[in-house]
Amino acid sequence: MSRVRADEEEYWHSSKFRAFTFDDEDDELSQLKESKRAVNSLRDIVDDDDDDDLERVSWSGEPVGSISWSIKETASGSTGSLDGRDSSLQKGPSSYAALPKQASSYSLSSLFKGRNKLSSFQSLSDALTDTGIKNYAPELRRPKAEYKICSLERFRSLQDKLLLLDEAVAGHDGNVITAVLIFLKRTLRREILFRELEVRQVALCHLIHFLREMGEQKFLLDLLRFLDRTEEVALSQYREHLNIQDVEKRREFLKGCIGLPFSAEDTSHIQDHYTLLERQIIIEANDRHLEMAGQSELFRKYPRKASILNMPLVTTLFYSCFYHYTEAEGMFSSPTNLKKTFKIPDKQYVLTALAARAKLRAWGDVDALLTTKNWLGYTKKKAPIGFHRVVEILQRNNAPVQVLQEYVRLVEDVETRLNLASKYKCHDVVIETYRDLKDRVQLTAYKCKVERGSAEEEKIQSILSNMQIRWKN
């Protein structure tokens, strides 16, 4: 009798046999292990260790493995539905029992093989152990690795799906997290998904980034509203203007965005955007008429290369300084009107106007732009951007030496002034600077750099022979 009992103990405690219970398959440890196996399988699929061996370019030109490639690949696959997907939800808590069945449009298998369903596999473990057939990713032109088909449809209950997501996040693999989120997005109701992601910030950030990249605006707005992120909702709605091609419709859309719940600073920017587009529409209509009628000599000599519509403020200011510089401040196209309306800083205005007038070689306008008058009526040259930058801009626009010399002389730093004068062959400035420094050695050395018999050589010789100068060396 004792031998029979010993045999029974050995039978049940040996590694080959397990006693039958009703809850082993559903206990938390089993579920956790199953989730870990699935996540590890996903990581094997999206592993980037062999990146150098693969040509990661799809037929559409998108990088293989990117979010957009993955979804386009899966979306093109399955059209059928899985009948038993919600069976565990029906057995679960009453709050989830009423979840409706949805068509299964995505599966991880279609991501790498293009299959619609996984009816040939009975379980996840079957999928992971079936390595007899090579399943290549269809988008890889020269595949060098074998891919295992892995189905997430086995995870039907909410608890299993959340365990799967937590394991994916714990693995710190963005591709795996994205793949699991796609599965949850398809198989869970929005309210449940949003509620669970609210306490999982890493997964939430992944989903928000994914939705923005894929352009799923409606789903993204619903998620942001659920999270009570009003400013992000407003910003996402504002971004929609980029998809509106018709300029009048875009203007009306921007007008409606002014009332969205932005911060005070952002509201000001939206208002400026709307005002700028409104100005651009008026300027474009008038200039197109002048250009077609041939009434403006400036438009005939310098034809417009592009429309001003939807251009940035600085581009609009440059355009206005180029074609409408002399117009009165009351005109919408006047540069001074734009400066006042949009509160453009002096540095930005001078820099833009200088570039525009120098391109037209209007040296008189350049001089007037940099000349200021004080309350006593005295005038002086002033450059908010620094005269060294003025010289560089004028030189890029092929300003004559006489014009360059005038502004090189105004550079305060002596070393910078000498470098610019030598670089752009402003000999008079170099000679005068060495004279003021009373540096006879440098002036004598510079005499060898000017043309023999030139006016510059004679000027140097005259300075060197001047007995009234007390040289330092």
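Here is what the cut-offs are and how they apply
- Residues numbered from 1 in each chain as written.
- Predicted model: local features only at pLDDT ≥ 70, side-chain atom pairs only at ≥ 80, totals over all residues.
- Heavy atoms only, no water.
- Patch = residues over 30% accessible without salt bridge, like charges linked within 9 Å, V, L, I, M, F, W, Y side chains within 5 Å.
- Areas by Shrake-Rupley, 256 points an atom, 1.4 Å probe, with all protein chains shown as cover.
- Salt bridge = Lys/Arg side-chain N within 4 Å of Asp/Glu carboxyl O.
- Helix = DSSP H or I, 4+ residues; strand = E, 2+ residues; numbered from the N terminus.
- Core = buried A, V, L, I, M, F, W, Y, C linked by side-chain atoms within 4.5 Å.
- Buried < 20%, exposed > 50% of the residue type's maximum accessible area, 1.4 Å probe, protein only.
- Contact = heavy atoms within 4.5 Å.
- Phe/Tyr/Trp six-rings, centres within 6.5 Å; stacked < 30°, edge-to-face > 60°.
- Lys NZ or Arg CZ within 6 Å of the ring centre and 35° of its normal.
- Expected span 1.5 Å × (residues − 1).
- pLDDT = per-residue confidence, 0-100.
- Axes fitted to C-alpha atoms, helices over the stretch in contact; angles between N-to-C directions.
- Parallel < 35°, antiparallel > 145°, perpendicular 65-115°, else oblique.
- Left-handed = near helix turned anticlockwise from the far one by under 90°.
- Nonpolar A, V, L, I, M, F, W, Y, C, P; charged D, E, K, R; others polar.
- Polar contact = N/O pair within 3.5 Å; in protein donor to acceptor, adjacent residues only side chain to side chain.
- Lys, Arg positive; Asp, Glu negative; His and termini not counted.

**Student:** Looking at this structure, I do not really get a nonpolar patch on the surface. What am I missing?
**Tutor:** On the surface, a nonpolar cluster with roughly 480 Å² of combined accessible area is contributed by W375, L376 and Y378. With respect to the element layout, Y378 can be found in the loop between strand 1 (371-373) and strand 2 (379-381).

**Student:** Even after reading the chapter, I still don't get the nonpolar core, so can you show me in this structure?
**Tutor:** Taken as a class, soluble globular proteins show a tendency for nonpolar side chains to be buried jointly. Core analysis: the largest hydrophobic core is formed by 54 residues, its most contacted members being L354, V390, L394, Y407 and L443. Residue contributions to this core peak at six residues, all from helix 18 (residues 346-359). Not counting the four nearest positions on each side in its chain, L394 is found in contact with L354, A358, W363, V366, A399, V403, L404 and Y407.

**Student:** Whenever I open this one, the packing of aromatic side chains confuses me. Can you help?
**Tutor:** Ring pairs (aromatic) are described by centroid distance and by the angle formed between their planes. Per the counting criterion, the structure on display carries ten aromatic pairs. Positioned above the aromatic ring of F219, the side-chain terminus of K185 is 4.9 Å from the ring centre. The ring of Y349 carries K339 above its face, with NZ or CZ at 5.7 Å from the centroid.

**Student:** Sorry, what's going on with helix 8 (residues 174-187) here?
**Tutor:** One turn of an α-helix holds 3.6 residues; hence residues three or four places apart share an orientation. Taking 1.5 Å per residue as the helical rise, helix 8 with its 14 residues ought to reach 20 Å, and the 20 Å between its terminal C-alpha atoms agrees with that figure. A large share of helix 8 lies buried, amounting to twelve of its 14 residues. Turning to helix 8, its buried residues number three or more, namely V176, I177, T178, A179, V180, L181, I182, F183, L184, K185, R186 and T187.

**Student:** When you look at the confidence of the model for the chain in this model, what are you seeing that I'm missing?
**Tutor:** Interpretation of the predicted coordinates at a detailed level should be avoided for regions scoring low in pLDDT. Per-residue confidence for the chain gives a mean pLDDT of 77, with 68% of residues at or over 70. Between residues 15-25, whose pLDDT stays under 50, and residues either more than four places distant or in other chains, the model counts nine contacts. Within the model, the stretch residues 48-144 combines pLDDT values under 50 with 169 contacts to residues more than four positions away or in other chains.

**Student:** Even after reading the chapter, I still don't get helix 9 (residues 190-197), so can you show me in this structure?
**Tutor:** Of all the residues in helix 9, the buried ones are I192, L193, F194, E196 and L197. Lining the buried residues of helix 9 we find helix 7 (158-170), helix 8, helix 10 (201-214) and helix 11 (217-226).

**Student:** Where do I start with the pattern of salt bridges in this structure?
**Tutor:** When the charged atoms of two side chains lie near each other, side chains of opposite charge can form a pair. The tally for this structure, following the rule as stated, stands at 26 salt bridges. For R229, the salt bridge identified is with E232, shortest N-O distance 3.4 Å. Connected through salt bridges with shared partners, the residues D166, R195, E196 and R200 form a single ionic network.

**Student:** So what exactly am I meant to see when it comes to unusual backbone geometry here?
**Tutor:** Only a minority of non-glycine residues have a phi that is not negative, and only a minority of peptide bonds are not trans. Residues other than glycine seldom take positive phi values, yet H172 does so here, at roughly 55°. Mapped onto the elements of the fold, H172 is located in the loop between helix 7 and helix 8. Non-glycine residue R361 carries a positive phi angle of around 60°. With respect to the helices and strands, R361 occurs in the loop between helix 18 and helix 19 (363-369). Residue R361 is classed as partly exposed on the basis of its relative accessible area of 42%.

**Student:** I tried to follow the packing of helix 7 against helix 9 on my own but got confused; where do I start?
**Tutor:** Any two packed helices are characterised by how steeply their axes cross, that is the angle between the axes, and by the distance between the axes. Following both chains from N to C, one finds helix 7 and helix 9 inclined at 40°, their axes separated by 12 Å at the closest point. Overall, the two elements helix 7 and helix 9 adopt an arrangement that is oblique. Read as a crossing pair, helix 7 and helix 9 show a hand that is right-handed. The residues of helix 9 that touch helix 7, namely those facing L158, L162 and L165, are I192, R195, E196 and L197. Residue classes in the contact of helix 7 with helix 9 are distributed as five nonpolar, no polar and two charged.

**Student:** Looking at this structure, how should I read the environment of K381?
**Tutor:** Turning to its location among the elements, K381 is positioned in strand 2. Residue class for K381 comes out partly exposed when judged on its relative accessible area of 25%. For the pair formed by K381 and D367, sequence separation is 14 residues and the distance between their alpha carbons is 8.3 Å. Apart from residues no more than four positions distant in its own chain, K381 is found in contact with D367, L370, T371, F387, E406, Y407 and L410. Here D367 takes part through its side chain, which lies 3.0 Å from a polar atom of the side chain of K381.

**Student:** Would you take a moment to explain the environment of F332 for this structure?
**Tutor:** By secondary structure assignment, the location of F332 is in the loop between helix 16 (313-323) and helix 17 (335-341). Through-space distance from the C-alpha of F332 to that of S320 is 9.6 Å; in sequence the pair is twelve residues apart. In contact with F332, other than residues within four places in its own chain, are R279, I282, I283, N337 and L338.

**Student:** Explain the side chain of E457 here, please?
**Tutor:** For E457, the position within the fold is in helix 25 (residues 455-464). In this structure, E457 is buried with no salt-bridge partner, the nearest side chain bearing the opposite charge being R452 at 4.7 Å. With residues up to four places along the chain from it excluded, the contact list for E457 reads K447, V450, E451 and R452.

**Student:** Before we go on, may I ask you to explain the packing of helix 9 against helix 11 in this structure?
**Tutor:** For the pair helix 9 and helix 11, the least separation of the axes is 10 Å and the interaxial angle reads 55°. Here helix 9 is positioned oblique relative to helix 11, judged by the angle of their axes. Crossing hand, helix 9 versus helix 11: right-handed. Two secondary-structure elements touch here, helix 9 through R190, E191, L193, F194 and R195 and helix 11 through K218, F219, D222, L223 and F226. A class-by-class count of the residues in the contact of helix 9 with helix 11 yields five nonpolar, no polar and five charged.

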